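# Survey of secondary and tertiary structure
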Amino acid sequence: METVIESVSGAPHDAFFLVLPYLPLYHLLTIGQVCKSFREALNQDILPWLHLIIDIPLSPRLSDQILIKLTSKANSRLTTLVLRNCARISDDGLLRVIHNNPLITKLHLPGCTSLTPEGIIRAVETLSQNKTSLNSLRINGIPNLNKHHLQTLSSYLQTSTPPEKSQPILYHLRRTFPSESDGLIDVDVCPRCQEIKMVFECSREGCRQKKRAQDQVLADCRGCNLCIPRCEECGGCIDSEEELEEAVCSDILCRDCWLSLPKCNHCNKPYCKHHTNLQYSSLDCAGFVCETCHFQATTNSSFSSDAAE
């Protein structure tokens, strides 16, 4: 006997409305187009809009006008503004959002390359004049930052927020950085190149012991990712005497991590943990085939077929 399932039309279950504040922005915008009930719920409730985080795939399409429209849904009560790689946002657009939302405590702008240091300083200065303290600023990837800009930003942050001990930034955890304990600002002066970048500490226990002992040798192990080669897996520094091991994805690995990772059945190279999604399952044996070897095998197979014909 066939079971007939009848579709029931009507308003969405109340439980659906409870999860709206916890959904990413991309899903919120999609749900707003599903039905009138969801659209009205999103327009009438400010809770889903108090923490605005914009990332791929929305960031390339975000403009000043769209950002102003989205932030207006919080009715001037926005507390978190995270814009990752939003290259179309300008200084004027950011400042207008800041003026309309004076309660922002977390401002993250990594990779927003159309912003200038002067525009960010104006935004931070505006927020520092309010009773609410800006306690998290992320500006890695903003072009033309210098020591003067960093000192100015730090002065505004220190006047608005009591100084606190920040946790060291480790290279292999940078994709999950920042957390709430990682300090007020994510960039610093690299002790080697003197540029304003993310400066990483070493995860190796020997180097950390030198830091606890305040050994001057530690300065050779602290720096930006261009000055200090680091392992993608463990975040440890790789000195000149240690051979650099490459993964399939061209990331650098230390010898210990290289040896411990699974290897491609053909080229004997591993993927780092951030690129394992690129590997192909091997049909003839256990293990995997990397993207490069898979492409070469597919190309050679097609060439052989064409030659046989």
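Note that the structure is a prediction, hence the values are computed from the model and not measured.

Rules used throughout
- Residues numbered from 1 in each chain as written.
- Predicted model: local features only at pLDDT ≥ 70, side-chain atom pairs only at ≥ 80, totals over all residues.
- Heavy atoms only, no water.
- Pairing = 2+ DSSP bridges.
- Helix = DSSP H or I, 4+ residues; strand = E, 2+ residues; numbered from the N terminus.
- Axes fitted to C-alpha atoms, helices over the stretch in contact; angles between N-to-C directions.
- Contact = heavy atoms within 4.5 Å.
- Polar contact = N/O pair within 3.5 Å; in protein donor to acceptor, adjacent residues only side chain to side chain.
- Buried < 20%, exposed > 50% of the residue type's maximum accessible area, 1.4 Å probe, protein only.
- Right-handed = clockwise from strand over helix to strand, strands pointing away.
- Arc of directions from axis to C-beta.
- Parallel < 35°, antiparallel > 145°, perpendicular 65-115°, else oblique.
- Nonpolar A, V, L, I, M, F, W, Y, C, P; charged D, E, K, R; others polar.

An order of β1-β2-β3-β4 is seen for the four strands of this open sheet, with the pairing classed as parallel. At either margin of the open sheet sits one strand with a lone partner, and together these are β1 (51–54) and β4 (136–138). When the angles between neighbouring strand axes are averaged without regard to direction, this sheet yields 5°. Bridge count between strand β3 (residues 106–108) and β4: three bridges; the pairing is parallel. Within the sheet, the bridge partner assigned to Lys106 lies in β4 and is Ser136. Against the sheet, helix α4 (residues 64–71) touches β1 and β2 (80–83), its axis set at about 150° to β1.

Residue placement: Asp251 occurs in the loop between β7 (245–246) and β8 (252–253). At 3.3 Å, the side chain of Asp251 and the side chain of His275 are in polar contact. Aside from chain neighbours lying at most four places away, what touches Asp251 is Glu232, Glu245, Glu246, Cys272 and His275.

Our focus in this paragraph is the pairing of β1. The side-chain alternation of β1 yields one buried face, formed by Leu52 and Ile54, and one unburied face, formed by His51 and Ile53. Remark: the β1/α4/β2 crossover connection has right-handed handedness.

All right, on to the side chain of His149 then. Note on placement: His149 falls in helix α7 (residues 147–160). Those residues in contact with His149 that lie beyond four places of it in its chain are Pro117, Glu118, Ile121 and Asn144.

Glancing now at helix α3 (residues 36–44). Of the positions making up α3, those classed as buried are Phe38, Ala41 and Leu42. Take α3 and look down its axis: the buried residues cluster within an arc of 95°, on one side only. Turned more than 90 degrees away from the buried face of α3, the exposed residues are Lys36, Asn43 and Gln44.

What follows is about the packing of α4 against helix α5 (residues 91–100). The N-to-C vectors of α4 and α5 enclose an angle of 10°; their axes lie 9 Å apart at closest approach. For the element pair α4 / α5, the angle class is roughly parallel. Taking contact as the criterion, the partners of Asp64, Leu67, Ile68 and Thr71 in α4 are, on α5, Gly93, Arg96 and Val97. Its residues assigned to classes, the contact of α4 with α5 comprises three nonpolar, two polar and two charged.

Scope: geometric values only; no functional claims are made or implied.
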